[in-house]
Amino acid sequence: MTPLVYVLEDQVQELLAHTRADEWIEGPAYAFDDWTVFHAYTEKPPFAPAGSLCRCLYTRADAAGLVDEEHLPHSLDITREPDGQPVLVLVVSRTPDGLPACQALLVTASGTTAAAAQFVPRRSELYSRNAGLLEVSALGHKRVVIVGLGSGGSPVALELARAGVGHFTLIDFDRLELGNISRHVCGVNDLGRYKTLAVRDQVLQKNPYADVTTMELNVNQALSQVEDAIGASDLLIVASDNDQSRFNLNQMSLNTNRVALYGRAITRAAGGEVLRVRPWQGPCYNCVFSAGVGQGREEEMSQKRQALSVLPAYVEEEKVNAMIQVGLSSDIMPIANMMVKLALVELSRGMETGISSVDEDLVSDFYIWANRREEAYANWPAMGYKWTHPSILRWYGARVGRDPNCMVCRTPLAAHLET
Amino acid sequence: MAWTSQQSARLRLEMEILSRYFPSFVLKDSIIPGRAVVEGAMRSNAGHEYVVRLRVPADLPNSVPIVEIVSPVLRDRFGHPLVDLGTSYPMHLLKPENDVVRICHYSASHWSPNITFSKVLLKVRAWIEAYEGHLDSGFSVDHYLPHMEA
Ligand SMILES: [Zn+2]
């Protein structure tokens, strides 16, 4: 097959605007599959690239015509690569009607082969296929804060990037460990990295033009910093793994008047739940979870740090280890997906989009999901053929209201003294 | 960093409730989140006095406050200082941070912003009776107080 070379159109435009006609510049390229596919950049891409590094040279040609093998300057000495690896030469130009063009050549010791160059489209064109379903141009301006980039938060980030959300603030202080891999969007080549940075790279793979800020900190110890980030956003997504952070984030969502979505899985991901908090309009996180709603559905413990942070210090190590019982990624996905739907509805509010009608259905602020008839759902009837009784693998909207005695969202707080 | 307006309101509320149920307790170093403490004396049924200190968390009311018995120096029935036990399940103690006995009252998994200092101090009051029970009978504090489920 003819070797294929992918180039970012934005980078080529940039090069055409700022390079002299006789200038040669070098940029990184990455080769895949026996030197048949190349990804070329004029500068190091913002995400961690894959493939094996390969030398790549750019020059611009006059609009009159593209150069060929014979016109390559011999002084470049590009055929003397160690190990006989090919060098990619990209000759960029503008067509008579002003569009960028690129000719790719693969130069080896034995000669020069033509390769086919393809542009990765510019920011404005990346999501055109979605047009009509989502108000892409508007979502591109939306900013979400995601706290917790584990098995729940990481797929949410990725789905929102796919849907065209343009700005992300990712907050987590955990690093990717071996035990996380099977349930995380990132893989072994991200081991040891901060989850924020690894997920940022995945987001940029879906949308190279997304603006991603990361904060590697504990929200419980950086309250004002995190609250500032939430205040500058359109939506808060909470996929953290402990109540203290959720209580703190709940207060911040109320302080900044930002809608917040909370998702969690219960033990071994037998099921899970998603809570939407519209500050001061519906129940807050404390209204729901201090009233005993979560009782009997204990939160999933997926790692030791999480278990240690909530257990009394005298609980024996054996018991801590026994509490770490993780579910399957496929059992976390429905919960993440529901958070994505609710997020897209919130972010699309005020625009006429393909998912607007879903807003009429999602009237509840609290949703329950069961993966298996275990734990809290052990007494549910089998799914069978009926759809008139509760069953696994369906969403249930529960009616929850504000708790008049909530010590967080009741106003004024001093009213507590009257009771 | 300073207290947010919600936290200031909450602190005022906490102190108003305490003035009714534990009137000897006062707020100290209240300006600085992370340094503020609520301190006061509690008297057991037998008439012994204990000085109790509650450390107001910087993220009030969203995390469990540290509660310590500042004086007297507490010893078990056999005369060993309780602080030397470190974390103790039978005595409901957590690892001391300031060389004084630290009481295990609410666990993080059972904490909620709805829990007031007054409720925390009620638990400490119960711990004191259990401790004196231990001194009398030799049973551990555990014998008198149910544990919070993990
Ligand atoms: Zn509330």
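Rules behind the numbers
Residues numbered from 1 in each chain as written. Chains lettered and ligands numbered in written order. Predicted model: local features only at pLDDT ≥ 70, side-chain atom pairs only at ≥ 80, totals over all residues. Heavy atoms only, no water. Pairing = 2+ DSSP bridges. Helix = DSSP H or I, 4+ residues; strand = E, 2+ residues; numbered from the N terminus. Axes fitted to C-alpha atoms, helices over the stretch in contact; angles between N-to-C directions. Contact = heavy atoms within 4.5 Å. Donors = N, O, S within 2.8 Å, 3.2 Å for Na, K, Ca; no water. Buried < 20%, exposed > 50% of the residue type's maximum accessible area, 1.4 Å probe, protein only. Domains from an automatic or database assignment. Buried area = accessible area lost by both parts, 1.4 Å probe. Salt bridge = Lys/Arg side-chain N within 4 Å of Asp/Glu carboxyl O. Polar contact = N/O pair within 3.5 Å; in protein donor to acceptor, adjacent residues only side chain to side chain. Nonpolar A, V, L, I, M, F, W, Y, C, P; charged D, E, K, R; others polar.

### A short note on the sheet that holds strand β2 (residues 24-32) of chain A
Residue and element names in this part refer to chain A.
Then, in step 1: One closed barrel accounts for 7 strands, arranged β1-β3-β2-β4-β5-β6-β7; its pairing is mixed. The mean angle between the axes of side-by-side strands here comes to 30°, regardless of whether they run parallel or antiparallel.
Then, in step 2: Two strands pair when backbone bridges link them, and strand β1 (residues 4-8) and strand β3 (residues 37-40) are joined in this way by 4 bridges, in the parallel orientation. Each residue of the ladder has a partner; that of V7, found in β3, is A40.
Then, in step 3: Contacting β1, β2, β3, β4 (52-60), β5 (87-94), β6 (100-108) and β7 (111-120), helix α1 (residues 9-18) crosses the sheet at an angle of about 70° to β5.

### Regarding the environment of D365(A)
Then, in step 1: Considering the arrangement of structural elements, one finds D365(A) in the loop between α11 (358-361) and β14 (366-370).
Then, in step 2: Separated by 109 residues in sequence, D365(A) and T256(A) have C-alpha atoms that sit 19 Å apart.

### Some thoughts on the coordination of the zinc ion
Residue and element names in this part refer to chain A.
Then, in step 1: The protein atoms donating to the zinc ion are C284 (SG), C287 (SG), C406 (SG) and C409 (SG), with metal-donor distances spanning 2.2 to 2.3 Å.
Then, in step 2: All donors of the zinc ion belong to a single chain; written as a sequence motif, their spacing is C-x2-C-x118-C-x2-C.
Then, in step 3: On the basis of relative accessible area, C406 is assigned to the buried category, the value being 0%.
Then, in step 4: A relative accessible area of 1% places C409 in the buried class.

### Let's talk about the environment of I266(A)
All names here are of chain A.
Then, in step 1: Within the fold, I266 resides in the loop between β12 (260-265) and β13 (271-277).
Then, in step 2: Exposure remark for I266: the relative accessible area of 1% places this residue in the buried category.
Then, in step 3: Each C-alpha atom, one on I266 and one on A370, is 9.5 Å from the other, the two residues being 104 residues apart in sequence.

### Details of the pairing of β3(A)
Residue and element names in this part refer to chain A.
Then, in step 1: Bridge count for β2 against β3 is 4 bridges, and the pairing is antiparallel. Each bridged residue has a counterpart across the sheet, and for A31 the counterpart in β3 is F38.
Then, in step 2: Between β2 and β3, which pair antiparallel in sequence order, lie 4 residues; one of them, D33, sits at a positive phi of approximately 50°.

### Some points on the sheet that holds strand β4 (residues 66-71) of chain B
All names here are of chain B.
Then, in step 1: Strand order in the open sheet made by the 6 strands is β1-β2-β3-β4-β6-β5, with antiparallel pairing throughout. A single partner strand is all that each edge strand has here, and the edge strands are β1 (26-28) and β5 (93-94).
Then, in step 2: Bridge count for strand β3 (residues 49-55) against β4 is 5 bridges, and the pairing is antiparallel. Looking at β4, one finds that V52 is bridged to I69.
Then, in step 3: Across the sheet, helix α2 (residues 117-137) lies against β2 (37-43), β3, β4, β5 and β6 (101-103), angled at about 140° from β3, the strand it touches most.

### Some details on the domain arrangement of chain A
Residue and element names in this part refer to chain A.
Then, in step 1: Entries for chain A in the domain assignment read domain 1 (4-120) and domain 2 (126-418).
Then, in step 2: Taken together, the contact between domain 1 and domain 2 spans 6 residues of the former and 6 residues of the latter.
Then, in step 3: Counting each side, the surface lost to burial between domain 1 and domain 2 is near 570 Å², with a carbon and sulfur contribution of 61%.
Then, in step 4: On the domain 1 side of the contact with domain 2, P46, F47 and A48 bury the most area, a combined 64% of that side's loss.
Then, in step 5: Taken together, the links from domain 1 to domain 2 amount to 0 salt bridges.
Then, in step 6: Connecting domain 1 to domain 2 are 0 residue pairs in polar contact (both at pLDDT 80 or more).
Then, in step 7: Residue composition of the side of domain 1 that touches domain 2, by class: 5 nonpolar, no polar and 1 charged.

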